[in-house]
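Commentary on secondary and tertiary structure
Below are the chains, spelled out letter by letter.
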Amino acid sequence: MTKQTNTHSASQIQAQPPLLEVKALKKYFPIQRGFFKRVVGHVKAVDGVDFYVNEGETMGLVGESGCGKTTTGRCILKAIAPSSGEIWFQDPNLGRIDVSTLEHEQLIHVRRNMRMIFQDPYASLNPRMTLLEIVGAPLRAMNLASGKELEDRVAEMLRRVGLRPEYMRRYPHAFSGGQRQRIGLARALAPQPKFLVCDEPVSALDVSVQAQILNLLQELQEEMGLTYLFVAHDLSVVAHISERVAVMYVGKMVEMATTHELFMTPKHPYTEALMSAIPRPDPTPRDKRILLTGEVANPAKPPSGCYFHPRCTYVKDICKTEEPAFDEISPGHFVKCHRAAELNLSGVMNLA
Ligand SMILES: Nc1ncnc2c1ncn2[C@@H]1O[C@H](COP(=O)(O)OP(=O)(O)OP(=O)(O)O)[C@@H](O)[C@H]1O
Ligand SMILES: [Mg+2]
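Structural notes, computed from the coordinates. What you see is a predicted model; the values in this text were computed from it and never measured.

A few points about the packing of aromatic side chains
- Going through the model one piece at a time under the given rule, you end up with eight aromatic pairs.
- Summarising the aromatic geometry, the rings of Tyr52 and Phe334 are spaced 6.5 Å apart at their centres and angled 75 degrees between planes, so their arrangement reads as edge-to-face. Of this pair, Tyr52 sits in strand S2 (residues 38-53) while Phe334 is found in strand S12 (residues 333-335), placing the two residues 282 residues apart along the sequence.
- Taking the relative accessible area as the measure of exposure, Tyr52 reaches 10% and is therefore buried.
- The exposure class of Phe334 is buried, given its relative accessible area of 14%.
- Cluster of aromatic residues (ring-pair linked, three or more members): Tyr52, Phe326 and Phe334.

See below:
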């Protein structure tokens, strides 16, 4: 399961234009009250997020529940319309395009190449549809296949995700959680996309099944030349499958680096705290264990300055009043912390 962490230099990483580049992405949900549904405020679910994903890599997107990971993923595919920002995607047919500006017709073309798999393999499959209908739906909707050809392609896709093609007349209820996640994967991959948003695809599964699905994702990535944005709420899952990791806190990106660098030398106190919470099998005592105290900030009423300051062990006065920038402190390593240069934070020395 373990993937070699990326040891390329950042200049190598940036030599090719990224497959996906997200700039200043925002998604505010209105909070409505009363009979006339007056807007009384906004949930700032995604609040000015910048990141990129290189072709062929797995980018981990990590943060606590409610920090905006799913909303970010859904905006990228324009499943929901972003409030503002740019989403540049290198589409094999349309070239470099800003997905946020696309209308219905063009979106259908782009969605052939950008797809999503979901956390809950029970809720995400229509119980009244057979596997043939579920996996074949995107092929039919995009006019990519019909009739016998469609059946052949569904059979081939089922085989690729480790399911027997003769299952195609069955309904999802006949399958276990892990098998359902394979069905979801077959549906996402049927149009042979380039880019997949994997939204916590193993969180709802048993630990033993998690490893199988992660292995399958890696095999398919190699076979089909896929690029993943892999969403997870803890760092331990992404450690083994991502070349790079981005960490979100209350709608903002707080750190982004190669997995190796992020784990060895984290630069944001929130990343350090997430890392110290990773369970480890070795019984040797750790230097220190950072407990995240206090509540996650409310995205409808975020704190002033740095959103993390009420929970931060290293807080200073400036953190309470001024929002830090998301700066590139070394090539390819971005961090949003006033004290990034002076703090010496603890990473995980051994990514076993
Ligand atoms: N349709 C919506 N209307 C209003 N608020 C929403 C909507 N969707 C999400 N939110 C809010 O936006 C914030 C971010 O939600 P999101 O689902 O993106 O978080 P997440 O990081 O994926 O969390 P989780 O780890 O629990 O899946 C949350 O405060 C959530 O309540
Ligand atoms: Mg989510």
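Overview of the environment of Tyr314
- With respect to the helices, strands and loops of the structure, Tyr314 is situated in the loop between helix H10 (269-276) and helix H11 (317-321).
- Residues Tyr314 and Leu226, spaced 88 residues apart in sequence, show a C-alpha to C-alpha distance of 40 Å.

Thoughts on the pattern of salt bridges
- Overall, the coordinates contain 15 salt bridges when judged by the stated rule.
- A salt bridge links Glu57 to Arg244, with the nearest nitrogen and oxygen atoms 2.9 Å apart. Taken together, the positions of Glu57 in the loop between S2 and strand S3 (58-62) and Arg244 in strand S9 (residues 244-249) put the pair 187 residues apart, joining distant regions of the chain. Each member of the pair Glu57 and Arg244 is classed as buried.
- What you see here is one network of salt bridges that share partners, running through Asp47, Lys252, Glu323 and Lys336.

A few points about the sheet that holds strand S8 (residues 227-232)
- Within the open sheet, the eight strands sit side by side as S6-S7-S8-S3-S9-S10-S12-S11. Their pairing is mixed. A strand with exactly one partner marks an edge of an open sheet, and here the two such strands are strand S6 (114-117) and strand S11 (327-330). Taken over all neighbouring pairs, the strand axes of this sheet differ in orientation by 25 degrees on average, direction set aside.
- In terms of strand pairing, S11 meets S12 through three bridges, oriented antiparallel. Across the sheet, residue Ser330 finds its bridge partner in S12, namely His333.

Remarks on the layout of surface pockets
- Each pocket or cavity is described by its volume, and for the second largest pocket that value is around 390 Å³.
- Along its surface, the second largest pocket is lined by 17 residues, and Leu77, Arg111, Arg115, Met116 and Phe118 are the ones closest to its centre.
- Counting only elements with at least two residues in the lining of the second largest pocket, the list comes to S6, helix H4 (131-141) and helix H6 (177-189).
- The dominant element in the lining of the second largest pocket, judged by the number of residues it contributes, is S6, at four residues.
- Residues belonging to the lining of the second largest pocket are distributed by class as follows: twelve nonpolar, one polar and four charged.

Observations regarding the site of ligand 1
- The immediate surroundings of ligand 1 are formed by 13 residues, with Ser65, Gly66, Lys69, Thr70 and Thr71 found nearest.
- Contact distances for ligand 1 include 2.5 Å between an oxygen atom and a side-chain N or O atom of Ser65.
- Backbone polar atom of Gly66 to an oxygen atom of ligand 1: 2.7 Å apart, as the coordinates give it.
- Against a free-state accessible area of 640 Å², the protein chains account for coverage of 62% of ligand 1.
- Elements supplying a minimum of two residues to the shell around ligand 1: S2 and helix H2 (69-76).
- No other element matches the three residues that H2 contributes to the shell around ligand 1.
- Considered class by class, the residues forming the shell around ligand 1 number five nonpolar, five polar and three charged.

Examining the environment of Lys27
- Structurally, Lys27 can be placed in strand S1 (residues 20-33).
- Among the residues examined, Lys27 registers a relative accessible area of 13% and is labelled buried.
- In this structure, the C-alpha to C-alpha distance between Lys27 and Gln218, residues 191 residues apart in sequence, is 31 Å.
- Contacts of Lys27, omitting those with residues within four sequence positions, involve Val43, Lys44, Ala45, Val46, Thr71, Cys75, Ile80, Ala81, Pro82 and Ser83.
- Reaching out from Lys27, the side chain makes a polar contact with the backbone oxygen of Ala81 at a distance of 2.7 Å.

With respect to H4
- The complete set of buried residues in H4 reads Leu131, Leu132, Ile134, Val135, Gly136, Pro138 and Leu139.
- As for H4, its buried residues are in contact with S6, helix H5 (147-160) and H6.
- Phi for Asn143, located one or two positions after H4, is positive at around 55 degrees.

Thresholds applied
- Residues numbered from 1 in each chain as written.
- Chains lettered and ligands numbered in written order.
- Predicted model: local features only at pLDDT ≥ 70, side-chain atom pairs only at ≥ 80, totals over all residues.
- Heavy atoms only, no water.
- Phe/Tyr/Trp six-rings, centres within 6.5 Å; stacked < 30°, edge-to-face > 60°.
- Helix = DSSP H or I, 4+ residues; strand = E, 2+ residues; numbered from the N terminus.
- Buried < 20%, exposed > 50% of the residue type's maximum accessible area, 1.4 Å probe, protein only.
- Salt bridge = Lys/Arg side-chain N within 4 Å of Asp/Glu carboxyl O.
- Pairing = 2+ DSSP bridges.
- Axes fitted to C-alpha atoms, helices over the stretch in contact; angles between N-to-C directions.
- 1 Å grid on protein atoms, 1.4 Å probe; cavity = no way out; pocket = protein on both sides within 12 Å on 5 of 7 lines; lining within 4 Å.
- Points joined across faces, edges and corners; volume = space filled by probe spheres on them.
- Nonpolar A, V, L, I, M, F, W, Y, C, P; charged D, E, K, R; others polar.
- Near = heavy atom within 4 Å.
- Polar contact = N/O pair within 3.5 Å; in protein donor to acceptor, adjacent residues only side chain to side chain.
- Areas by Shrake-Rupley, 256 points an atom, 1.4 Å probe, with all protein chains shown as cover.
- Contact = heavy atoms within 4.5 Å.

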